[in-house]
Amino acid sequence: MSNDDMMFSIRVPASTANLGPGFDSIGLALSLYLTVHVYRSDKWEVMPLSEEMKAFPTDESHYVIQIAKKTAAKYGKTLPTCRLAVESEIPLARGLGSSASAIVAGIQLADSLCHLHLTKEEKVYLASYEEGHPDNAGASVAGGLVVGMHEEEQTSLLSFPLASVAVAVVIPKYELLTSDSRNVLPPSLSFKESVKASAIANTFLAALLSGNFELAGSMMKRDLFHQPYRRELVPLLSEVEGFAYERGAFGVALSGAGPSIVCFAETEKMSHLLEDLSERFPDCDVKQVEIDQEGCVVMTKADTIHS
Ligand SMILES: Nc1ncnc2c1ncn2[C@@H]1O[C@H](COP(=O)(O)OP(=O)(O)O)[C@@H](O)[C@H]1O
Ligand SMILES: N[C@@H](CCOP(=O)(O)O)C(=O)O
């Protein structure tokens, strides 16, 4: 594979969804990346560059290519063949949005190869349609803190930068498929309970955006939409909550559908928290991540083009 055949690379951030009470509507882009390098070729081929990517097909049945073909077809185009080299820092099925990142990479691949000139809003819609909810998809496309609502015909999504907040993730070694973690959720909530759950989510968001971190954290813990049902699948959530709040975190939540746990702290408190979490949870991968503010970007050899 000659470097001269390299056309561009697509970089997509991971994400943490829900942040507690913002079930299926709030997400945050994180600085772990799926990167797809795209080379000219007369046949489809996928080369895994990182360990976990070796599990996936090396031909056109690869998920990223499937999404790209579907996107191109939607706009009446045929995707030209190419060779992809794929590397990922996003652990699979851990609640860090790996599937959304693959979907967004596929959409961007179609956009770049077929010159679709999709807007950010169109990409958010297409990716949310594929995922079924806009939290991870929106964060992976737009970056920052995203708040959105997805319906069959459209997605409305806003993105905010989030300053003064440091993020740590506690990543267990085992996988939990989002579909399995959604299966434990109840089919419905009562009117009274839904009103309370949405009041908690609204208050959380207002508190977070206005820098009232203590209130934001207390609302994260009080989520009524999903964490109460998922605790039995991820007992680690209660353990990390109990520990991290004491050690300086202002907020703790199940990351997406789990099993990872995300901890938020004011920047100056993070280094101690990180040390304590690593010591207390040695079986997990504990790492600090930055908030990605850019979302999906396309990079050529010469420069970086924001998509
Ligand atoms: N880079 C990728 N390439 C191909 N498929 C992927 C990729 N990333 C994720 N997937 C698919 O998504 C699944 C994980 O999705 P999901 O259960 O929603 O967990 P996550 O929280 O990581 O998004 C993987 O088991 C795999 O089938
Ligand atoms: N809102 C969804 C988010 C799933 O995120 P993932 O990273 O676990 O795929 C949910 O909570 O089910």
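Rules behind the numbers
- Residues numbered from 1 in each chain as written.
- Chains lettered and ligands numbered in written order.
- Predicted model: local features only at pLDDT ≥ 70, side-chain atom pairs only at ≥ 80, totals over all residues.
- Heavy atoms only, no water.
- Helix = DSSP H or I, 4+ residues; strand = E, 2+ residues; numbered from the N terminus.
- Rg over C-alpha atoms; globule rule 2.2 N^0.38 Å.
- Buried < 20%, exposed > 50% of the residue type's maximum accessible area, 1.4 Å probe, protein only.
- Contact = heavy atoms within 4.5 Å.
- Areas by Shrake-Rupley, 256 points an atom, 1.4 Å probe, with all protein chains shown as cover.
- Lys, Arg positive; Asp, Glu negative; His and termini not counted.
- Charge placed at Lys NZ, Arg CZ, Asp CG, Glu CD.
- Near = heavy atom within 4 Å.
- Polar contact = N/O pair within 3.5 Å; in protein donor to acceptor, adjacent residues only side chain to side chain.
- UniProt positions renumbered as here; feature names shortened; annotations may be inferred.
- Nonpolar A, V, L, I, M, F, W, Y, C, P; charged D, E, K, R; others polar.
- Pairing = 2+ DSSP bridges.
- Expected span 1.5 Å × (residues − 1).
- Axes fitted to C-alpha atoms, helices over the stretch in contact; angles between N-to-C directions.
- Parallel < 35°, antiparallel > 145°, perpendicular 65-115°, else oblique.
- Left-handed = near helix turned anticlockwise from the far one by under 90°.

K.L.:
So what about the overall build of the protein? Which residues, and what values?
P.N.:
Along the protein, the regular secondary structure elements total 10 helices and 12 strands. For the protein, whose C-alpha radius of gyration is 19 Å, the value lies close to the compact-globule estimate of 19 Å for 307 residues. When its C-alpha atoms are laid out on the principal axes, the protein stretches across 55 × 45 × 35 Å. Buried residues in the protein amount to 54% of all 307 residues. Expressed as a percentage of contacts within the protein between residues at least 6 apart in sequence, the contacts between residues at least 24 apart total 73%. Of the roughly 13500 Å² of accessible surface on the protein, a fraction of 51% belongs to carbon and sulfur atoms. Here the protein holds 25 positive side-chain charges and 40 negative ones, and the gap between their average locations is 1 Å.

K.L.:
Break down the site of ligand 2 for me, with residues and values.
P.N.:
In the vicinity of ligand 2, 15 residues are found, and the nearest of them are N18, D24, D135, R182 and R230. A distance of 2.8 Å separates an oxygen atom of ligand 2 from a polar side-chain atom of N18. Between ligand 2 and G97 there is a distance of 3.0 Å, counted from an oxygen atom to a backbone nitrogen or oxygen. Burial of ligand 2 by the protein amounts to 98% of the accessible area it has alone, namely 350 Å². Elements with a minimum of two residues in the shell around ligand 2: α4 (134-142) and α5 (178-182).

K.L.:
Please set out the UniProt feature "binding site: ATP" (unreviewed entry) in the protein residue by residue, giving values where relevant.
P.N.:
As recorded in UniProt, the sites labelled "binding site: ATP" (unreviewed entry) are P91, L92, A93, R94, G95, L96, G97, S98, S99, A100 and S101. Relative to the helices and strands, L92 resides in the loop between β4 (82-88) and α2 (98-114). Judged by relative accessible area, L92 falls into the buried class, the value being 15%. The contacts of L92, once residues within four sequence positions are left out, are E52, M53, F56, S98 and E175. In this fold, S98 is placed in helix α2. Residue S98 is classed as buried on the basis of its relative accessible area of 17%. Residues within four places of S98 in sequence aside, it is in contact with I90, P91, L92 and A93.

K.L.:
Hey, could you go over the site of ligand 1 for me, with residue numbers and the actual values?
P.N.:
Looking at ligand 1, there are 16 residues lining it, with A93, G95, S98, S99 and T178 nearest. Measuring from an oxygen atom of ligand 1, one finds a backbone N or O atom of A93 at 2.9 Å. For ligand 1, an oxygen atom lies 2.6 Å from a polar atom in the side chain of S98. Here ligand 1 has 560 Å² of accessible area as a free molecule, and 82% of this is covered by the chains. A per-class count over the shell around ligand 1 returns 9 nonpolar, 6 polar and 1 charged.

K.L.:
Explain the side chain of R230 residue by residue, including any values.
P.N.:
Structurally, R230 is set in helix α8 (residues 227-230). Within polar-contact distance, the side chain of R230 engages the side chain of S181 at 2.9 Å.

K.L.:
Mind laying out the environment of R222, listing which residues take part and the relevant values?
P.N.:
Following the sequence through the fold, R222 ends up in the loop between α7 (213-221) and α8. Assessed through its relative accessible area of 45%, R222 is described here as partly exposed. Along the sequence, R222 and K196 sit 26 residues apart, while their C-alpha atoms lie 9.9 Å from each other. With near-sequence residues (within four places) excluded, R222 lies in contact with K196 and I200.

K.L.:
Lay out the pairing of strand β6 (residues 155-160) in plain terms, naming residues and giving numbers.
P.N.:
As paired strands, strand β5 (residues 145-150) and β6 are joined by 6 bridges and run antiparallel to one another. Directly across from V146, in β6, lies its bridge partner S159. Counting the residues that bridge the hairpin from β5 to β6 gives 4 residues.

K.L.:
So, helix α6 (residues 191-209): which residues are in play, and what are the values?
P.N.:
For α6, which comprises 19 residues, the first-to-last C-alpha distance of 27 Å matches the rise-based estimate of 27 Å (1.5 Å per residue) to within 8%. Here the buried face of α6 lies against β2 (26-40), β5 and α7.

K.L.:
An account of the packing of helix α9 (residues 236-246) against helix α10 (residues 270-280) is requested, with residue identities and associated values reported.
P.N.:
With their axes 10 Å apart at the nearest point, α9 and α10 run at an angle of 140 degrees to one another. As far as their axial angle goes, α10 and α9 are oblique. Read as a crossing pair, α9 and α10 show a hand that is right-handed. Contact with α9, carried on its side by E239, V240, F243 and A244, involves L273, D276, L277 and R280 of α10 and no other residues of that element.

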